[in-house]
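If you want the building blocks of each chain, they are given just below.
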Amino acid sequence: MNWKKNWMMTMTSVTWTRKRHSHNELLVKPVLSISHRRGRAFAVSCILAFTMLCGLVSGCRPKTEKETRTILALDTYVTITAEGRDAIKAVADASSYIMEMEEKFSRKKKESEISKLNASSESAPVELSPETYAVLETAILYSEKTQGLFDPTIAPVMDLWGFGTDPHVPEGKEIEKTLEQVDYRKVHLISGNRAYVDEGTQVDLGGAAKGAIAAELMKRVRGYSVTKVILDLGGNVCAWSKSGTLNIGIVSPSEPSDLCCIYTLSKDREMSVITSGAYERYFEEAGVRYGHIMDPETGRPVKTDILSATVIGQDGTVGDILSTVLFAYGSERARDFAIAEGIDCILCVDNGTLWVSSSLKGKVDAQKGWTIEYFG
Amino acid sequence: MRRKDGQSNTSASAGARGGKTRPDRDLPARRFRFLPGDAVVIGAVAVVCVILLLVTWIYGKSVENRGRVVRITQDGNVILERNMADFSEPTEYRITSDSGEMVILLSSDKVYVKDSSCPDKICMHVGELKKSGDGAVCLPNRVVVQIVSSGTEEDQEVDVVAK
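Please read all numbers here as calculations on a predicted model, not as lab measurements. (Residues numbered from 1 in each chain as written. Chains lettered and ligands numbered in written order. Predicted model: local features only at pLDDT ≥ 70, side-chain atom pairs only at ≥ 80, totals over all residues. Heavy atoms only, no water.)

A.B. asks: Hey, could you go over the overall build of chain B for me, with residue numbers and the actual values?
C.D. replies: Along its length, chain B carries five helices and eight strands. The N-to-C order of helical and strand elements in chain B reads α-α-α-α-β-β-β-β-β-α-β-β-β. A total of 163 residues make up chain B; the buried ones form 39% of that total. The contacts in chain B between residues at least 6 apart in sequence include a share of 32% that link residues at least 24 apart. About 9,000 Å² of surface is accessible on chain B, with carbon and sulfur atoms providing 54% of the total. (Helix = DSSP H or I, 4+ residues; strand = E, 2+ residues; numbered from the N terminus. Buried < 20%, exposed > 50% of the residue type's maximum accessible area, 1.4 Å probe, protein only. Contact = heavy atoms within 4.5 Å. Areas by Shrake-Rupley, 256 points an atom, 1.4 Å probe, with all protein chains shown as cover.)

Next up, the structure:
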């Protein structure tokens, strides 16, 4: 019978203590001192109470606002996800910003800044918005750094191969002719955010612009009261979570419905995770696979042992350029370049190896079929 | 009985304090009056716990059973949103757009773009969509095929996929 009393006393110890005190202080003490039996009863009742609390908590957990929106823009799909008090407002604002940026960066829209730049000449340079100018400047900088392996004027070659329209292998002569148009040195930056191109040069900031847009989107969304933001610009990810880590999967280039590894983003860090590969945008002709990343030297798809190159960093614009560069370099040269430039990256090589920068140790988990080798 | 309880209590925790200051017969009257109430409280807590656990468990199950949902949008409008479990028989779903046609295969465990009129076939190259968060996009047809979360996001392996 005693256990029952103990139960009661524990469960209502506060009232008991108060009530009893006036009558007899001795009776208060058993409540507070815990004997073996009491201890057990106390523990059991605590567990029960805790269970109940858990039930209540999981049942009536306050819902944090969460908003996800997918839009087709920037020649790809864009998914914006935010969590927090102002999530809906934040996502709505970000969506309208993307549409604005689309107008600026698209080479296909006549009124875009890029179209104006492509129609410019030495005698009639165009004034660009600071955002566009900054991206162009970064693109040219990395063109110089990579001796033209990255080239923002490669677009005519892409068009020749029919990416986006009618993919086919063009004639060698056509390629030679088109290549004459390709040279980043034909893009001239002049002071006051102005620039012009030599005749026939076509600038397409395509990928590089996505990084810049993601950065600006992030800034806007984080200006609201939000706790988590995930931006997915056609597979280019930029993410941040105030509390708690985020798991960012990286698609397996050999089996795109699986992952090759998962990168864990620490809490309160904003990072861009950008992958370049030719496992999605490619076509096959006569049994040969042709990827969409072109070598400005040959005007043909790059030959590389890398299936996909992922760059993790704070600057999405640079990340976008560098992932393309690393992909094109091939694993050996890519590793040297990554070490020299201090790039955090994950290179999926066609023998099932993931070359991972040693600075990312402990943050990357290989998935089935892939083994990690650290370098640098 | 009263006496016995009183003794066991004092001996268990209050030691030898009991007897002298207060006669034994005074103790039980107040101390054990609540014995029946104890049982009620314990019972009530247990019942509430069990009910809460059952409710959360059943709720969790129902969410799980709702499972993965395939959502297809065209020009931003949802044209199909169905539980994947509905497709015990693989079903072909045809979409026509200004620029051509798409065939999407829907089944209970995977969804994929089987054929598309678009030039680049990126939507087909992404392969099978199985997990919540997987998606295939066809820009020329302006179609997005997605597997959307069933609500139990804790089960999601990753928050987002880079590709």
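A.B. asks: Run through the pairing of strand 11 (residues 282-285) of chain A, naming residues and quoting values.
C.D. replies: Looking along a regular strand, one sees side chains alternate from face to face of the sheet. Residues and elements named next belong to chain A. Bridge count for strand 11 against strand 12 (residues 288-291) is four bridges, and the pairing is antiparallel. Looking at strand 12, one finds that Glu285 is bridged to Val288. Hairpin geometry of strand 11 and strand 12 is characterised by an intervening segment of two residues between the two adjacent antiparallel strands and by a positive phi of about 50° at Ala286. (Pairing = 2+ DSSP bridges.)

A.B. asks: Go over the confidence of the model for chain B with me, naming the residues and quoting the values.
C.D. replies: Residues and elements named next belong to chain B. Looking at chain B, the pLDDT average stands at 77 and 70% of residues meet or exceed 70. When pLDDT is averaged over each element of chain B, strand 5 (residues 111-116) comes out on top at 94 and helix 1 (residues 2-14) at the bottom at 47. Across residues 1-19, where pLDDT falls below 50, the model places 25 contacts with residues more than four positions away in sequence or in other chains. (pLDDT = per-residue confidence, 0-100.)

A.B. asks: Describe helix 11 (residues 316-329) of chain A, naming the residues involved and giving the relevant values.
C.D. replies: Residues and elements named next belong to chain A. Under the 1.5 Å per step criterion, the end-to-end length of helix 11 is 20 Å for 14 residues, consistent within 8% with the ideal 20 Å. Taking burial as the measure, the 14 residues of helix 11 include 13 buried ones, the bulk of the element. N-capping of helix 11 is provided by Asp315, with a side-chain oxygen placed 2.9 Å from the backbone N of Thr317. Remark: Gly330 follows helix 11 within two positions and exhibits a positive phi of approximately 90°. (Expected span 1.5 Å × (residues − 1). Polar contact = N/O pair within 3.5 Å; in protein donor to acceptor, adjacent residues only side chain to side chain.)

A.B. asks: I'd like a description of the sheet that holds strand 6 (residues 228-233) of chain A, backed by residues and values.
C.D. replies: Residues and elements named next belong to chain A. Taken together, the nine strands give an open sheet; going across it, the order is 1-2-6-7-10-15-16-17-19, and neighbouring strands pair in mixed fashion. This sheet does not close on itself; its edge strands, each paired only once, are strand 1 (66-73) and strand 19 (371-375). When strand polarity is set aside, the average angle formed by the axes of neighbouring strands in this sheet is 15°. Sheet analysis places strand 17 (residues 353-357) next to strand 19, joined by five bridges and oriented parallel. Residue pairing in the sheet places Leu354 in a bridge with Ile372 of strand 19. Against the sheet, helix 5 (residues 87-105) engages strand 1 and strand 2 (76-83), with an angle of about 10° to strand 1. (Axes fitted to C-alpha atoms, helices over the stretch in contact; angles between N-to-C directions.)

A.B. asks: Describe in detail the packing of aromatic side chains, supporting the description with residues and values.
C.D. replies: Residues and elements named next belong to chain A. As enumerated under the stated definition, the model contains six aromatic pairs over all chains in all. Taking the centre distance of 6.3 Å and the plane angle of 50° together, the rings of Trp161 and Phe283 count as tilted. Within this pair, whereas Trp161 is found in the loop between helix 8 (155-160) and helix 9 (172-179), its partner Phe283 is found in strand 11, the two being separated by 122 residues in sequence. Pairing Phe283 with Tyr290 gives two aromatic rings, centres 5.3 Å apart and planes at 25°, and the pair type is stacked. Ring pairs connect the aromatic residues Trp161, Phe163, Phe283 and Tyr290, which therefore count as one cluster. Taking the ring centre of Trp240 as reference, the NZ or CZ of Arg222 above it sits at 3.9 Å. For Arg335, the ring lying beneath its charged end belongs to Trp355, and the centroid distance is 3.8 Å. (Phe/Tyr/Trp six-rings, centres within 6.5 Å; stacked < 30°, edge-to-face > 60°. Lys NZ or Arg CZ within 6 Å of the ring centre and 35° of its normal.)

A.B. asks: Residue-level account of the environment of Pro296 of chain A, with values.
C.D. replies: Residue and element names in this part refer to chain A. Positionally, Pro296 belongs in the loop between strand 13 (294-295) and strand 14 (300-301). Judged by its relative accessible area of 13%, Pro296 falls in the buried class. C-alpha separation for the pair Pro296 and Gly148, spaced 148 residues apart in sequence, amounts to 7.1 Å.

A.B. asks: Outline the state of the cysteines, supporting the account with residue identities and numerical values.
C.D. replies: Residues and elements named next belong to chain B. In total, this model carries zero disulfides over all chains according to the counting rule given. Free cysteine: Cys118, not disulfide-bonded; nearest cysteine sulfur from Cys138 at 3.6 Å. Judged by relative accessible area, which is 4%, Cys118 ranks as buried. (Disulfide = S-S within 2.5 Å.)

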